[in-house]
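Now for the letters of each chain:
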Amino acid sequence: MPLVSAPTLSWAELPHYSFEYPSPLLNLRWTLGCGQAFRWRETAEGWWVGVVRGCVLRVRSQGDTVEYAAYPHLPDPGFWPDYLRLDFDLEAMYSELGALDPHARASFESWPGLRLLRQDPTETITSFLCTTANSIPRIARAIEGMSVAWGEPIATIDDRSYHGFPTAEVFTEEIIPTLERDCNLGYRAYNLVRAMEQIAAKPPGWANSLRAMPYAEARAELMSVRSIGPKIADCVSLFALDKDEAVPVDTHVRQIALELYLPEITQKSLTTNVYNRIASRFREMFGERAGWAQEYLFFSHLMRHRDTPVL
DNA sequence: CTATGACCTGC
DNA sequence: CAGGTCATA
């Protein structure tokens, strides 16, 4: 790794820019901290700092103004509207889905401005392979460790070094011990490498091509990779592939569904059958934007049973 | 088709 | 037990 090529800088010396967006329709803390992305952290001054597609970014909201800086530059000129999916009509979603269900409506009112992101498919796959039976802080530390170990150094800014996300080719058998121990991934290390080897062997651009497929096809492609089950496939579909009808069913969503919508489910465990019944129920209720309803209800539940340090 | 256990750590 | 998955019974 050519560490010398990464410069030392301070945020203050970097140019800052801004754009306007109504604050009730964009809440950075909830959007970047809700567990769909793992490389953002909040500073004491209220900046969110992260690395996306090889660029270091910092961003914050002041009223309806969104300020940001980027090094060496934005991933592309239209980055923010793309990454934050600012073209998605959140207000319409609130009124249309809110009218269908009082619980959804309440979650929209509690967490206005929570948005789903459009993240990099390969990074999202890699990240969510680390989430199995794991907690958000530990996932974030593992991903940070992987980036420091195998990601391209970008810069040191205000005494913090930033690295790109490791490419799929990095994940070979030799690094399993490092993943297990240094990155603290435990048994997930083996699953991660096994999956990434399979992905690296796919035709170039495989992960990005999933976005152009219908949801069912993309999901099946993802699940053809060993260690990617229904939950991870749906997380990738929803957080990276624009598949708004994807409904990741985790323990939180399962509890919500059994409590509010499907009391007749008696199975103790989350079988494939139960998983599909819950996800289908969300789609019956909320249609092609079921994943948004899922995210709001999930986040409400997570905050009620506060097991995350984010907020 | 369902249920159970194993898999690494730590809060 | 945690924002699961796979193998086995």
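Residues numbered from 1 in each chain as written. Chains lettered and ligands numbered in written order. Predicted model: local features only at pLDDT ≥ 70, side-chain atom pairs only at ≥ 80, totals over all residues. Heavy atoms only, no water.

Enquirer: Would you mind going over the protein's contact with DNA strand B with me for this structure?
Expert: As a matter of local geometry, DNA strand B sits amid R138, N184, G186, Y187, R188, Q267, K268, S269, T271 and N273. Taking all atoms of DNA strand B within 4 Å of the protein, the share assigned to sugar and phosphate is 62%. Its residues assigned to classes, the surface near DNA strand B comprises one nonpolar, six polar and three charged. (Near = heavy atom within 4 Å. Nonpolar A, V, L, I, M, F, W, Y, C, P; charged D, E, K, R; others polar.)

Enquirer: Sorry if this is basic, but what is going on with the environment of I139 here?
Expert: Looking at where I139 falls in the secondary structure, it is placed in helix α6 (residues 136-150). The spacing of I139 and F128 is eleven residues in sequence and 8.7 Å in space, taken between C-alpha atoms. Other than its neighbours up to four places away in sequence, I139 contacts F38, S127, C130, T131 and N134. (Helix = DSSP H or I, 4+ residues; strand = E, 2+ residues; numbered from the N terminus. Contact = heavy atoms within 4.5 Å.)

Enquirer: Would you mind showing me how to read the packing of aromatic side chains here?
Expert: The relative placement of two aromatic rings is captured by the distance of their centres and the angle of their planes. Under the definition given, this model contains 16 aromatic pairs. With 6.1 Å between their ring centres and 40 degrees between their planes, F282 and F286 make a pair best called tilted. In this pair, F282 and F286 are both assigned in helix α13 (residues 272-286), four residues apart and thus about one turn of the helix distant. When sorted by exposure, F282 lands in the same class as F286, which is buried. Through successive ring pairs, a cluster of aromatic residues spans Y17, F19, W40, Y68, F79, W80 and Y83. (Phe/Tyr/Trp six-rings, centres within 6.5 Å; stacked < 30°, edge-to-face > 60°. Buried < 20%, exposed > 50% of the residue type's maximum accessible area, 1.4 Å probe, protein only.)

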